[in-house]
Amino acid sequence: MAAQIAAVLIFLVMFLLIIMDKIERHIITLGCAVVTMVVVFGICMHSMTALTETLNVAQIFTRGFWYTAGEASESSAGINWATIIFVAGMMIMVEGMAAAGFFRWLCMTIAKAVKYKVIPIFITFMFMSSILAMFIDSITVILFLAAVTLELADLLDFDPVPMVLAEIFCANLGGSATMCGDPPNIIVGTSLQLTFADFITNTGVLAGISLILVVIYYYLIFHKELRVKRTGKVVAEYPDPKSAITNKTSFAISTVIFLCAVVLLVTHAQTGLTVATIGLGIAIVTLITSGKNIVKVIKGVDYKTLLFFIGLFVVVGGLEQTNVLKLIAEFIGSVSGGNLYVMVAIIIWVSAIASAFVDNIPFAATMVPVIQSLAALNGVNISTLAWGLSMGTDIGGSATPIGASANVVGMSVIAKEGHIVGWGKYCKSAVPATIIVMVVATVGIWLRYC
Amino acid sequence: MELKKQLIISIGREYGSGGHRIAEELAKRFGLTFYDYHMLGEIALDKKVDVKTLEKFDELPKTPFFSRTVKGYSNSPQENIANLQFDFLRKKADEGESFVIVGRCAETVLKENPNLISFFVLGDMQDKIERTMQREGVSRGEAEELLARHDRKRKTYHNHYCKIKWGDSRGYDVSINSSRLGLDGTADMMEEYIKKRIAE
């Protein structure tokens, strides 16, 4: 009982500190992780097993961690090293791509392809945002897309705010479609041994249907605003997409690595390579081919996020080892009366509402063991609950300016150019879009799996 | 007055202390550009955005629980406006412009500039209340409330961005109580001080 109380208190303090935004996130989770190890596993439980299971280092040295040979490996608790290695690998690859000018080139090429017309740019950028976010973290996608949108807004004399708001939403939506698109999905996928194909044929379908509706929705609410000329200036010269490429060789190499990463991810169930192997592989290849940029690429890795993940998994491990998450699962099971419709609705909507206000990564990491227990206790297919959790956490974060990292980054990038967007303006367009997707996800999961 | 080199005067102030009026007076006496919240007008013009959107969040602390920072990027309008102003001030200072700036953490933002002279103007409570009652046309109670609210906001805003606390004399070249010499007398004393500093 004392261990449970301590684990819950540490978890709540961690969440509160994250929300207060006064101390860096990785320091909070690492600090709370140390307290969990000392107080929960040491003082309260006197359990070395709980500590080693949570640190989970031995898992890295098993064959199943790197190669599954068509068979699902054992699910394990504690630090999800596969997520950490994969995220690190993708960070290194994205750094290489950014340094070569890939993202700006892609945006400018698309803008040129639609003859620099505002509404076609608006629509194609929404699709591009979604598609890129399927494979690359949404922060990177928005960082580049928002910057190019500002550049084009200045050139073509339109208000960039509606376009960036739509791009942010579509990036979050695209992230929900694949296993590697959004951190909650990586956590859900690696924890429950789901494959890329599992995601794309389940959350991917829901995200695809939603994307069409969302593009129509954003077109209807923003097209008039986007047609208004801000200053009435005439365009002097259109930029050449090729000017975005900083180094042709690096550009070609990074494009090939990206395409290889996509192919490996899409086929990882067939090849047996785990996401950890793919992450490590693309990181090594990127570093080898970076040449003199190697230091810059390594320095660009956001190690704070990786440390944040490690600390987080230990704190959640504390809740898991003390059976607190099992109690939550039992509570959801009793509230739903074992009814799958109600269970799915609770998972989706509670995840969405929580993710709109708190970081969806800790939420997803906490909920994975909960849905595992819920599925075991009620004899429900775990993947049905996993799709609900993924859609809820990924999309719920779109509703508010603080719900997802991409939202914060997008707001900040445009604010640097004087385009200040408060909560009211943000939520006015994002909340209805979020509700549209949540309804599609709920009804879709009910019809297909219940 | 003809200046031989760049001069930047930053003035932090308590609400009702008359610091703003003194700053305007010094700008006149030294023939300097005066920046206060009107700076947002210039920023808005440069960025081609509506100044009213910017003014709503000027010199305000960020809202806790409604703001989040990711990799140094913040969604807080208050924080983003503050950074726009800090960048504006740094740019003007780097371009060699001489000016007077009221508030906006200028003593910290521009502390690396050797031509910066920083002041903090405070005042006795009684004088601040009377000045606020007269200027705003409000009752004593309302004036006290205004003072408390504005100073709390300024303090939170300042302390979020600066290591040295708002009004702490160690953060400024000179801290001065405007109640002792009155507004004109205080301005005279500050003028003398500035003249001595620029003569160095």
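Scroll up to find the structure this text is about.
Thresholds applied
Residues numbered from 1 in each chain as written. Chains lettered and ligands numbered in written order. Predicted model: local features only at pLDDT ≥ 70, side-chain atom pairs only at ≥ 80, totals over all residues. Helix = DSSP H or I, 4+ residues; strand = E, 2+ residues; numbered from the N terminus. Rg over C-alpha atoms; globule rule 2.2 N^0.38 Å. Buried ≥ 20, exposed ≤ 12 C-beta atoms within 10 Å, placed from the backbone. Contact = placed C-beta atoms within 7 Å. Core = buried A, V, L, I, M, F, W, Y, C linked by C-beta atoms within 7 Å. Axes fitted to C-alpha atoms, helices over the stretch in contact; angles between N-to-C directions. Parallel < 35°, antiparallel > 145°, perpendicular 65-115°, else oblique. Left-handed = near helix turned anticlockwise from the far one by under 90°. Nonpolar A, V, L, I, M, F, W, Y, C, P; charged D, E, K, R; others polar. Pairing = 2+ DSSP bridges. Expected span 1.5 Å × (residues − 1).

J.: Summarise the overall build of chain B; cite the residues concerned and give the values.
T.: In terms of helices and strands, chain B carries 8 helices and 7 strands. Here the C-alpha atoms of chain B give a radius of gyration of 17 Å, agreeing with the 16 Å that 2.2 N^0.38 yields for 200 residues. Taking the principal axes of the C-alpha coordinates as reference, chain B spans close to 45 × 45 × 30 Å. Here chain B holds 200 residues, and 39% of them are scored as buried. Intrachain contacts of chain B at a sequence separation of at least 6 include 65% that bridge at least 24 residues.

J.: An account of the overall build of chain A is needed here, citing residue identities and associated values.
T.: Check the secondary structure of chain A and you find 22 helices and 0 strands. Rg of the C-alpha trace for chain A: 22 Å, near the compact-globule value of 22 Å for 450 residues, within the 12% margin. For chain A, the spread of C-alpha atoms along the principal axes amounts to about 70 × 50 × 45 Å. Taken over 450 residues, chain A has a buried fraction of 53%.

J.: I'd like a rundown of the nonpolar core, residues and numbers included.
T.: Of all hydrophobic cores here, the largest spans 189 residues; its most connected members are A:Phe86, A:Ile142, A:Ile371, A:Leu385 and B:Val100. The residues contacting B:Val100, other than those within four sequence positions of it, are B:Ile9, B:Ile11, B:Ala23, B:Leu26, B:Ala27, B:Leu32, B:Phe34 and B:Tyr35.

J.: Outline the packing of helix H17 (residues 324–336) of chain A against helix H19 (residues 360–378) of chain A, listing residues and values.
T.: All names here are of chain A. Interhelical geometry of H17 versus H19 gives an angle of 55° and a closest axis separation of 8 Å. The orientation of H17 relative to H19 falls into the category oblique. Seen along the crossing, H17 lies across H19 with a hand that is right-handed. Where H17 abuts H19, its residues Leu325, Lys326, Ile328, Ala329, Glu330, Ile332 and Gly333 lie against Thr366, Pro369, Val370, Ser373, Leu374, Leu377 and Asn378. Considered class by class, the residues forming the contact of H17 with H19 number 8 nonpolar, 4 polar and 2 charged.

J.: Outline the pairing of strand S6 (residues 116–122) of chain B, supporting the account with residue identities and numerical values.
T.: Residues and elements named next belong to chain B. For S6, the tally of buried residues reaches 5 of 7 residues, placing the bulk of the element in the interior. Sheet analysis places strand S1 (residues 8–13) next to S6, joined by 6 bridges and oriented parallel. Residue pairing in the sheet places Gly12 in a bridge with Phe120 of S6. Two strands pair when backbone bridges link them, and S6 and strand S7 (residues 174–177) are joined in this way by 4 bridges, in the parallel orientation. For Phe119, the partnering residue across the bridge sits in S7 and is Val174.

J.: Go over the interface of chain B and chain A with me, naming the residues and quoting the values.
T.: Listed per partner, the contact involves 23 residues of chain B and 22 residues of chain A. Looking at the side of chain B that touches chain A, the elements that each hand over two or more residues are helix H2 (39–47), helix H3 (51–55), strand S3 (69–70), strand S4 (73–74) and helix H4 (77–94) of chain B. No other element matches the 4 residues that H4(B) contributes to the side of chain B that touches chain A. Considered class by class, the residues forming the side of chain B that touches chain A number 13 nonpolar, 6 polar and 4 charged.

J.: Now, about the pairing of S1(B): what can you tell me, with residues and values included?
T.: Residue and element names in this part refer to chain B. For S1, a buried count of 6 out of 6 residues is recorded, marking the element as mostly surrounded by other parts of the structure. Burial along S1 is two-sided: Ile8, Ser10 and Gly12 facing one way and Ile9, Ile11 and Arg13 facing the other are all buried. Bridge count between S1 and strand S5 (residues 99–102): 4 bridges; the pairing is parallel. By the bridge assignment for S5, Ile11 is matched with Val102.

J.: Give me H4(B): which residues, what numbers.
T.: All names here are of chain B. Here H4 is 18 residues long and its end C-alpha atoms lie 25 Å apart, about the 26 Å a rise of 1.5 Å per residue gives. Listed in full, the buried residues belonging to H4 are Pro77, Gln78, Glu79, Asn80, Ile81, Ala82, Leu84, Gln85, Leu89 and Ala93. Gly96, located one to two residues past H4, shows a positive phi value of around 90°.

J.: Explain helix H21 (residues 405–415) of chain A to me, using residue names and the numbers behind them.
T.: Where burial is concerned, most of H21(A) is hidden: 11 out of the 11 residues are buried. For H21(A), the complete set of buried residues consists of A:Ser405, A:Ala406, A:Asn407, A:Val408, A:Val409, A:Gly410, A:Met411, A:Ser412, A:Val413, A:Ile414 and A:Ala415. Of the surrounding secondary structure, the elements contacted by the buried residues of H21(A) are helix H8 (138–156) and helix H9 (160–177) of chain A together with S3, S4 and H4 of chain B.

J.: Pulling in residues and values, what's your account of unusual backbone geometry?
T.: One non-glycine residue, A:Gln193, lies in positive phi territory at about 55°. Look at A:Gln193 and you get partly exposed, because 17 C-beta atoms sit within 10 Å.

J.: Describe the sheet that holds S5(B), and please don't skip the residues or the numbers.
T.: Residue and element names in this part refer to chain B. Taken together, the 5 strands give an open sheet; going across it, the order is S2-S5-S1-S6-S7, and neighbouring strands pair in parallel fashion. At either margin of the open sheet sits one strand with a lone partner, and together these are strand S2 (33–35) and S7. Direction aside, the axes of adjacent strands within the sheet are offset by 20° on average.

J.: Requested: an account of the environment of A:Phe86, with residues and values cited.
T.: Residue and element names in this part refer to chain A. Relative to the assigned elements, Phe86 resides in helix H5 (residues 81–100). Phe86 sits in the buried class, given 27 other C-beta atoms within 10 Å. Along the backbone, Phe86 and Leu51 are 35 residues apart, and their C-alpha atoms lie at a distance of 23 Å. Those residues in contact with Phe86 that lie beyond four places of it in its chain are Cys180, Ile186, Val275, Ala276, Ile278 and Gly279.

J.: Talk me through the packing of helix H16 (residues 303–321) of chain A against H19(A); I want residue IDs and the actual numbers.
T.: Residues and elements named next belong to chain A. Interhelical geometry of H16 versus H19 gives an angle of 35° and a closest axis separation of 10 Å. The two elements H16 and H19 cross, and the hand of that crossing is right-handed. Across the interface between the two elements, Leu312, Phe313, Val316, Leu319 and Glu320 of H16 pack against Ile361, Pro362, Ala365, Thr366 and Pro369 of H19. When grouped by side-chain class, the residues that make up the contact of H16 with H19 number 8 nonpolar, 1 polar and 1 charged.

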